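Understanding the architecture of this molecule
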Amino acid sequence: LIGCSHFAVKRYQLLRWGEAVGARWIFTHETSFTVNAAAATCLHSAGVFDRGLNGPALNYLEDHYDEVSAYYPGHYFYWYGNYYAVQALQMEGGKRWDRYWAKLSRDLVRRQRLDGSWENSVGPGDHFSTAMACLILRAPLGYLPVFRH
């Protein structure tokens, strides 16, 4: 599984919107946040915590959250991206997680509608975004399947 995950992530990075950063690749496209979040979560879930491999993806998440939040708050990129980012960054822990969680939880609480839902104007709809928001907000409690050992 680890070898397969590593191969899949590296191959996808090389075939898709890549930009060389030293000897490492990160994604640079409007879906970049989502793809980097999924890649880091995949590696962490497979037991790969190599900073050289997942570090650029984690840096990208931290550096671009504000942009994604500002430009895509009702888009499914935001919801999928943060569903995976919350897993990757929580598994990473530390100050990086603390900074990310402070921003994300603030934004989610601020964007919740009076009826309890969240907007998803581009994608599957408000039921999807509301379900994703509930999953994301429960992540620190360890309720997502990825946190079960």
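In this report, the structure presented in the accompanying data block is examined. (Residues numbered from 1 in each chain as written. Predicted model: local features only at pLDDT ≥ 70, side-chain atom pairs only at ≥ 80, totals over all residues. Heavy atoms only, no water.)

Another aspect to go through is the overall build of the protein chain. A count of helical and extended segments in the protein chain gives six helices and two strands. Secondary structure elements of the protein chain, listed N to C terminal, follow the sequence α-β-β-α-α-α-α-α. Pairs at least 24 residues apart make up 65% of the contacts formed inside the protein chain by residues separated by at least 6 positions. Accessible area of the protein chain: about 7900 Å², with a carbon and sulfur share of 57%. (Helix = DSSP H or I, 4+ residues; strand = E, 2+ residues; numbered from the N terminus. Contact = heavy atoms within 4.5 Å. Areas by Shrake-Rupley, 256 points an atom, 1.4 Å probe, with all protein chains shown as cover.)

Closest axis-to-axis distance for the helix 2 (residues 32-45)/helix 3 (residues 51-71) pair is 9 Å, and the angle between their directions is 145°. Relative to helix 3, helix 2 is oriented so that their crossing is left-handed. Across from Ser32, Phe33, Asn36, Ala37, Ala40, Leu43 and His44 in helix 2, the residues of helix 3 making contact are Leu53, Asn54, Ala57, Leu58, Tyr60, Leu61, His64, Tyr65 and Val68. The class makeup of the residues in the contact of helix 2 with helix 3 is eleven nonpolar, five polar and no charged. (Axes fitted to C-alpha atoms, helices over the stretch in contact; angles between N-to-C directions. Left-handed = near helix turned anticlockwise from the far one by under 90°. Nonpolar A, V, L, I, M, F, W, Y, C, P; charged D, E, K, R; others polar.)

Okay, the side chain of His44 next. Here His44 is to be found in helix 2. The buried category is assigned to His44, whose relative accessible area is 3%. In contact with His44, not counting residues within four places along its chain, are Phe49, Asn54, Leu58, Ala88, Met91 and Glu92. (Buried < 20%, exposed > 50% of the residue type's maximum accessible area, 1.4 Å probe, protein only.)

Attention shifts here to the packing of aromatic side chains. In total, this model carries eleven aromatic pairs according to the counting rule given. Judged by centre distance (6.2 Å) and plane angle (90°), the rings of Tyr76 and Tyr80 are edge-to-face. A residue pair is termed a helical-turn pair when its members lie 3 or 4 positions apart in one helix, as Tyr76 and Tyr80 do in helix 4 (residues 76-92) at four residues. Put simply, the rings of Phe33, Tyr65, Tyr78, Trp79, Trp97, Tyr100 and Trp101 touch in pairs and so form one group of aromatic residues. (Phe/Tyr/Trp six-rings, centres within 6.5 Å; stacked < 30°, edge-to-face > 60°.)

Moving on to helix 3. Under the 1.5 Å per step criterion, the end-to-end length of helix 3 is 29 Å for 21 residues, consistent within 8% with the ideal 30 Å. Every buried residue belonging to helix 3 is among Leu53, Asn54, Gly55, Pro56, Ala57, Leu58, Tyr60, Leu61, Tyr65, Val68 and Ser69, and all of these are buried. Between the side-chain oxygen at the start of helix 3 and the backbone nitrogen of Gly52 there is a gap of 2.8 Å, and the oxygen is on Asp50. (Expected span 1.5 Å × (residues − 1). Polar contact = N/O pair within 3.5 Å; in protein donor to acceptor, adjacent residues only side chain to side chain.)

Moving on, we get to the environment of Asp63. With respect to the helices and strands, Asp63 occurs in helix 3. Residues Asp63 and Tyr100, spaced 37 residues apart in sequence, show a C-alpha to C-alpha distance of 9.8 Å.

Further remarks concern helix 4. For helix 4, with 17 residues, the first-to-last C-alpha span of 24 Å sits near the 24 Å given by 1.5 Å per residue. For helix 4, the buried fraction is high: twelve of the 17 residues fall into the buried class. For helix 4, the full list of buried residues reads Phe77, Tyr78, Trp79, Gly81, Asn82, Tyr83, Ala85, Val86, Gln87, Ala88, Leu89 and Glu92. The inward-facing, buried residues of helix 4 contact helix 2, helix 3, helix 5 (94-111) and helix 6 (126-138). Gly93 lies just past helix 4 and shows a positive phi near 70°.

Structural measurements only, silent on function.
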